[in-house]
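# Observations on the model geometry
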Amino acid sequence: SQTIHQWPATLVQPVGSPLSLECTVEGTSNPNLYWYRQAAGRGLQLLFYSVGIGQISSEVPQNLSASRPQDRQFILSSKKLLLSDSGFYLCAWFRGTSGDEQYFGPGTRLTVT
Amino acid sequence: AQSVTQLGSHVSVSEGALVLLRCNYSSSVPPYLFWYVQYPNQGLQLLLKYTSAATLVKGINGFEAEFKKSETSFHLTKPSAHMSDAAEYFCAVRRYARGSTLGRLYFGRGTQLTVWP
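Rules and cut-offs
Residues take numbers from 1 onward in each chain, read along the sequence in its written order. Chain letters and ligand numbers both follow the written order, the letters beginning at A and the numbers at 1. Confidence filtering applies because this is a predicted model: local features only for residues at pLDDT of at least 70, side-chain atom pairs given and counted only at 80 or more, and all residues used for totals across whole chains, interfaces and linings. As a rule here, side-chain values cover all heavy atoms of the structure and leave hydrogens and water aside. Put simply, DSSP marks the helices as runs of H or I at least four residues long and the strands as runs of E at least two long, and each gets a number from the N terminus on. Under the rule applied, a polar contact is a pair of N or O atoms within 3.5 Å (in protein, one hydrogen donor and one hydrogen acceptor; residues adjacent in sequence only if both atoms are side-chain atoms). We call two residues in contact when some of their heavy atoms are within 4.5 Å. The term disulfide is used for any two cysteine sulfur atoms that are within 2.5 Å. Three exposure classes are used, based on accessible area relative to the maximum for each residue type with a 1.4 Å probe and protein chains only: buried under 20%, partly exposed in between, and exposed over 50%.

In this section: the side chain of Gln6 of chain B. Residues and elements named next belong to chain B. Tracing the chain through its elements places Gln6 in strand 1 (residues 4–7). One polar contact links the side chain of Gln6 to the main-chain carbonyl oxygen of Tyr89, over a distance of 3.0 Å. Contact partners of Gln6, with chain neighbours within four places excluded, come to Arg22, Trp35, Tyr89, Phe90, Cys91, Gly108, Arg109, Gly110 and Thr111.

Below you can see the structure in the form of structure tokens.
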């Protein structure tokens, strides 16, 4: 069965510091991968998605970036965090068939102080 | 354009009462529709999905949803609420961007369900 991991689970970082969040998927190959952010009162915001190694599409311009160095690894980064980057970050994967659902990871709670 | 609208950001029910969470979608083609549940500080878990088979879809934890094309609705219901149902619920629709073969989910803003003892 497929499993999706995210780490760290929680993170407290000062403004201006760098960020690296990691997501890995087990039990599947060539998944479509997604990064979402949940901020208070703003629902789920799609940040990035990737259909393959090195292929990243950005949905929202911001100071975040994403990379996909391996088939089942998706990384969310920032060089300098802003207060507004605080939120709950969710990684998800999707096999690619229309009727399939997305599977979500457990999330990372980021607090920028 | 909004793809999914969830009516009511907060819904409160008593334990044992009917749960009704509303979702309306906009789509020019037969949609794929999903309901997810999120417990505090956890990821989203699929409750059920509609993929054009049966219009009444049964999911986990006693939830079900009915696809009504004439009303463009996909409301989530449960006959009898349990304390453990307290969570946030998201409705989503899969849509495809023009020229893209990769569908993405568009989520509603979520409905927080509170269950009173």
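There's plenty left to go through after this.
Attention now moves to the state of the cysteines. On inspection of all chains with the given rule, the structure shows 2 disulfides over all chains. In this model Cys23 of chain A forms its disulfide with Cys91 of chain A; the gap between the sulfur atoms is 2.0 Å. Judged by the sign of its S-S torsion, about -70°, the cystine formed by Cys23 of chain A and Cys91 of chain A is left-handed. With a gap of 68 residues between them, Cys23 of chain A in strand 3 (residues 19–26) and Cys91 of chain A in strand 9 (residues 87–94) connect regions that are remote in the sequence. By relative accessible area, which is 1% here, Cys23 of chain A ends up buried. Classification of Cys91 of chain A by relative accessible area gives buried; the value is 0%. Disulfide pairing places Cys23 of chain B opposite Cys91 of chain B at an S-S distance of 1.9 Å.

Honestly, that's just the spatial picture; any functional story needs more than this.
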